[in-house]
Amino acid sequence: MAGIICGSGHAGRASRPLPRTARLVLATAACLSVFAGVAHGQAYPVKPIRIIVPFAPGGATDILGRLVAQKLTEGLGQQAIVENRAGGGTIIGTDIVAKSPADGYTLLMTSTSTVTNPSLLRKLPFDTLRDFAAVTQLVSSPNVLAIHPSLPVKSVRELIALARAKPDQIAFGSGGNGTSTHLGGEILPLMAGVRMVHVPYKGAGPATIALISGEISWQLVAILSAVPHIRSGRLRAIAVSSAQRASILPDVPPVAETLPGFEASPWTGVSAPAGTPKEVISRLQQVIAKGYTATETRERLTQDGNEVVVSTPEQFEVFFRAQMEKWAKVIKDAGIRLE
C-alpha cells in the first residue's frame, strides 16, 4: 500500500496533513477509479472468447459452433475457442454458461434441447428463461419425413389415412426419447388425431438404418443424412418438417400443406449469460450475422440442409420463448417424461 502514488492526499500547501490511514484510503480510491476508467474504455473483447457446445465433437451443433468461432475470431480480432462439454442431455454445458460471468467471454450454443429440457426433466440446475440472454438464432435445419418404400403411401394425407385405418399399427422411429426427431414425430399424430407407435433407437443413425430395413414405417430424418438414401430409392420423401419448402429438396412439400401450423425443425442459436451488456450482445450478433450471411458461407450451410436465419437478439428472444411454450404443450399432450 505504501507504494501507491496516484494521489497525494493534500488539498494544498497550507492544508493540514491528513492522517496516514485517510491518505491511503483516498489514494487507493483514486487509483481504483483510474483503473476502472481504463478498463471501461477498452474495446470489447480484450481476451479470448469461449463457446460452450453442450454436445460431443462432430455433430451439427459442434460444426455450427466452430463456424461461429471462426467468424468471431475474424470479426473481433480475438481468438474464439470451442469447448465441448457434453453430458446430461446438454445440461452440463448449459449449466456452465448459466453460472459464468456476464461479460461476453462465455457463450452457449443453444438448440431445440435447450427449450425442451425444462418440460422433459423435473429439475434443472438453472432457469432456462431467467439465466440466459439471447444473441441470435443461426439456422433452422428441417427434417424430411421419410418412409420405407414398401409403405403404400405417397403423401402425408395418405399416411394419416392409413394410420386411421390401422390405429397403433404404424410405427415411427427416432434417435431416442425426448430428441427432436421424437418430439417432431409426436406432433403429426397429435395434430391429425390418429394413433401411431413410437420406437426409440440409440441415436439417429440406428433409427435410419431401421427405417431402411423396414423395421419402422417412417421417421423424421436430417435432410443431409436422408438425401443419399432418397436418391438411391431406399427411402421415399413425402414431406419436410419446415413451414416452407427446403432449398435442398424443393420438390418435397411441407407437412404444413396437409396439417396447417405443423412445424418441427431443429434449430441452433447462440446465447450468453443473463446480464451480459446489451452493447456486447449487439456486437456479437453483428459479427456473427455478417459471417453467416456471407455468400460462400450461406451457400455451404444451405448445401448441408440448413436454412440461414441469423435473427436479432430481440427476435431470437421471442422465438425462444415461443419454442418453450410449443414443446411444453407437445410433451404434456404426448405424456413424455425422461425421469
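Residues numbered from 1 in each chain as written. Predicted model: local features only at pLDDT ≥ 70, side-chain atom pairs only at ≥ 80, totals over all residues. Heavy atoms only, no water.

**Q** Help me understand the overall build of the chain, please; the structure alone is not making it clear to me.
**A** The helix and strand inventory of the chain stands at eleven helices and eleven strands. The burial tally for the chain puts 48% of its 339 residues in the buried class. For the chain, the accessible surface area stands at approximately 16,500 Å², while carbon and sulfur atoms represent 55% of it. (Helix = DSSP H or I, 4+ residues; strand = E, 2+ residues; numbered from the N terminus. Buried < 20%, exposed > 50% of the residue type's maximum accessible area, 1.4 Å probe, protein only. Areas by Shrake-Rupley, 256 points an atom, 1.4 Å probe, with all protein chains shown as cover.)

**Q** What's the story with the pairing of strand β3 (residues 106-111) in this structure? I'm lost.
**A** When a strand is regular, its side chains alternate between the sheet's two faces. Judged by how many residues are buried, β3 sits mostly within the fold: six of six residues are covered. Side chains Thr106, Leu108 and Thr110 project from β3 onto one buried face, and the interleaved Leu107, Met109 and Ser111 project onto a second face that is buried too. In this structure, strand β1 (residues 49-53) lies alongside β3, joined through three bridges in parallel fashion. The partner of Ile52 across the bridge, within β3, is Leu108. (Pairing = 2+ DSSP bridges.)

**Q** I would appreciate a short explanation of the packing of helix α4 (residues 112-120) against helix α11 (residues 313-334) in the present structure.
**A** When two helices pack together, their arrangement is given by the angle between the helix axes and the distance between those axes. It is at 9 Å that the axes of α4 and α11 come closest, and there the two elements cross at 45°. What the angle tells us is that α4 and α11 run oblique. In the packing of α4 onto α11, the handedness of the crossing is right-handed. Note on element contacts: α11 touches α4 through Phe320, Gln323, Met324, Trp327, Ala328 and Ile331, opposite Thr112, Thr114, Val115, Thr116, Pro118, Ser119 and Leu120. (Axes fitted to C-alpha atoms, helices over the stretch in contact; angles between N-to-C directions. Parallel < 35°, antiparallel > 145°, perpendicular 65-115°, else oblique. Left-handed = near helix turned anticlockwise from the far one by under 90°. Contact = heavy atoms within 4.5 Å.)

**Q** For this particular structure, what's the right way to read the pattern of salt bridges?
**A** When their charged atoms lie close together, side chains carrying opposite charge are able to pair. Here the structure, examined in full by the defined rule, presents ten salt bridges. Here Glu83 ties to Arg85 by a salt bridge, and the two come within 2.9 Å at their closest N and O atoms. When its relative accessible area of 23% is taken as the criterion, Glu83 is described as partly exposed. Here Lys326 ties to Glu263 by a salt bridge, and the two come within 3.3 Å at their closest N and O atoms. With Lys326 in helix α11 and Glu263 in the loop between β9 (236-240) and β10 (267-273), the pair connects residues that are 63 residues apart, well separated along the chain. Taken together, the shared-partner salt bridges connect Arg50, Glu83 and Arg85 into one network. (Salt bridge = Lys/Arg side-chain N within 4 Å of Asp/Glu carboxyl O.)

**Q** Is there a simple way to explain helix α3 (residues 91-98) in this structure?
**A** Taking burial as the measure, the eight residues of α3 include seven buried ones, the bulk of the element. Considered for burial, the residues of α3 that qualify are Ile91, Gly93, Thr94, Asp95, Ile96, Val97 and Ala98. Close packing links the buried residues of α3 with β1, β3, α4, β4 (132-140) and β10.

**Q** Would you mind going over unusual backbone geometry with me for this structure?
**A** With the exception of glycine, the majority of residues adopt a negative phi angle, and the majority of peptide bonds are in the trans configuration. Residue Pro45 is reached from Tyr44 by a cis peptide bond, and omega for that bond is 0°. Within the chain, Thr90 stands out as a residue other than glycine whose phi angle is a positive 85°. For Thr90, the location among the structural elements is in the loop between β2 (80-84) and α3. Residue classification places Thr90 among the buried residues on the basis of a relative accessible area of 4%.

**Q** What exactly am I supposed to notice about the environment of Val68 here?
**A** Relative to the helices and strands, Val68 is located in helix α2 (residues 60-76). On the basis of relative accessible area, Val68 is assigned to the buried category, the value being 1%. For the pair Val68 and Val82, spaced 14 residues apart in sequence, the C-alpha separation works out to 9.0 Å. Setting aside its immediate chain neighbours within four residues, Val68 contacts Ile51, Met109, Leu138, Val270, Ile288 and Tyr292.

**Q** Could you clarify how one ought to interpret the pairing of β2 in this entry?
**A** In the sheet, β1 pairs with β2 via five bridges, with the strands oriented parallel. The residue of β2 that forms the bridge with Val53 is Asn84. Since β1 and β2 lie parallel, the crossover through α2 that links them has a hand, and here it is right-handed. (Right-handed = clockwise from strand over helix to strand, strands pointing away.)

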